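# Descriptive structure summary
Letter by letter, the chains look like this.
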Amino acid sequence: MEWNHLIYFALLAVFCWGMGAMAAYRPGKSLQVVLWTVAGLAIFMAFIVGMWVSLERPPLRTMGETRLWYSFFLPVAGIITYIRWRYKWILSFSTVMSLVFICINLFKPEIHNKTLMPALQSPWFAPHVIVYMFAYAMLGAGAVVAVYLLVRSRKRAIEPGVMNLCDNLVYVGTAFLTIGMLFGALWAKEAWGHYWSWDPKETWAAATWLGNLLYIHFRFQKNKQYRAALGILVFSFILLQVCWFGVNYLPSAQGNSVHVYNME
């Protein structure tokens, strides 16, 4: 499997996700929604597995490879939300967002090789990054809903039920973010002899985690102040973006951070 095969798998996967998103708007088509979405996920995962086998390592080393997982987990977040809370439009949002990240990977191809630095040759490497990508997808879905609600609130009142959707996405995302941080701490102890070093990446990870906790606590204390809560959620997502790829461009991380993604 090679990176240039992505377009074929992506086209089929996005087609399936699109069909699932359209079926969600038709009464009595819940089974079709799930089947189309799962079929798309299976196709996309086949490419990820193929890359894993051909590279002889988890495809998690470069920025493009992490975007690959993010593109996969966005529809996962969408279908979980649809099955649990029956929000039809979340599948359309997750499909469009996944397509955006797929297009970035297609228009900005990277060099992928089997090289893996010693610190990454750890059993904690794959669980840490995969759990993080799932957390990012759930929090990303929550942020998309927050932006949608903020824009719509100019004409319509924000409904408590949709705010509950944001809350649940943040709960799940923050839980997995916490697990990812714990995996990372165990990995750091094994690789460098300490659990935490306030590396720029770790600092922004802590800021992202605290930002989402701030949203959760604000919702408990000020549960009627919807716009302020949504603003906090969007701000937390900006912190997440800095943590994910913005750190690569920070002067403090250049030559100092062991977490900067390989951009090749």
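Given the structure is predicted, the values throughout are model-derived calculations rather than measurements.

### Notes on the environment of P27
Topologically, P27 is positioned in the loop between helix 1 (6–23) and helix 2 (30–55). In this structure P27 comes out as exposed when scored by relative accessible area, which is 75%. Between the C-alpha atom of P27 and that of S71, which follows or precedes it by 44 residues, the distance is 28 Å.

### Remarks on the UniProt feature "transmembrane region" (unreviewed entry) in the chain
Here, UniProt's "transmembrane region" (unreviewed entry) annotation points to residues 6–26, 33–55, 67–83, 90–109, 129–149, 169–188, 203–220 and 227–247. Annotated as 86% helix and 0% strand, the span residues 6–26 places its first and last C-alpha atoms 31 Å apart. Helix makes up 100% of residues 169–188 and strand 0%, and the two end C-alpha atoms of the span are 28 Å apart.

### Concerning helix 1
With 18 residues, helix 1 extends 25 Å from end C-alpha to end C-alpha; this agrees with the ideal 26 Å at 1.5 Å per step. Residues of helix 1 that are buried: L6, A10, A13, V14, C16, W17, G20, A21 and A23. In this fold, the buried residues of helix 1 make contact with helix 2, helix 3 (63–85) and helix 4 (89–107).

### Looking at helix 2
An α-helical turn contains 3.6 residues, so a residue and the one three or four places further along point in the same direction. Over its 26 residues, helix 2 runs 37 Å from end to end, which matches the ideal 38 Å to within 8%, given 1.5 Å per residue. Considering only its buried residues, helix 2 is in contact with helix 1, helix 3 and helix 4. Phi for E56, located one or two positions after helix 2, is positive at around 60°.

Criteria and thresholds
- Each chain carries its own residue numbering, running from 1 in the written order of its sequence.
- With the structure being a predicted model, the display of local features is reserved for residues of pLDDT at least 70 and the display and counting of side-chain atom pairs for 80 or more, all residues being used for whole-chain, interface and lining totals.
- Only hydrogens and water are set aside; all other atoms, that is, all heavy atoms of the structure, feed into the side-chain values.
- Helix and strand definitions follow DSSP, with helices as H or I runs of at least four residues and strands as E runs of at least two, each counted in order from the N terminus.
- The cut-offs for exposure are 20% and 50% of the maximum accessible area for each residue type, with area from a 1.4 Å probe on protein chains only; residues under the lower value are buried, those over the upper are exposed, and the others partly exposed.
- UniProt positions are given in the numbering used here, feature names are shortened, and annotations may be inferred rather than shown by experiment.
- Helix span, expected: 1.5 Å multiplied by one less than the number of residues in the helix.
- Throughout, a contact is declared for two residues whenever any of their heavy atoms are within 4.5 Å.

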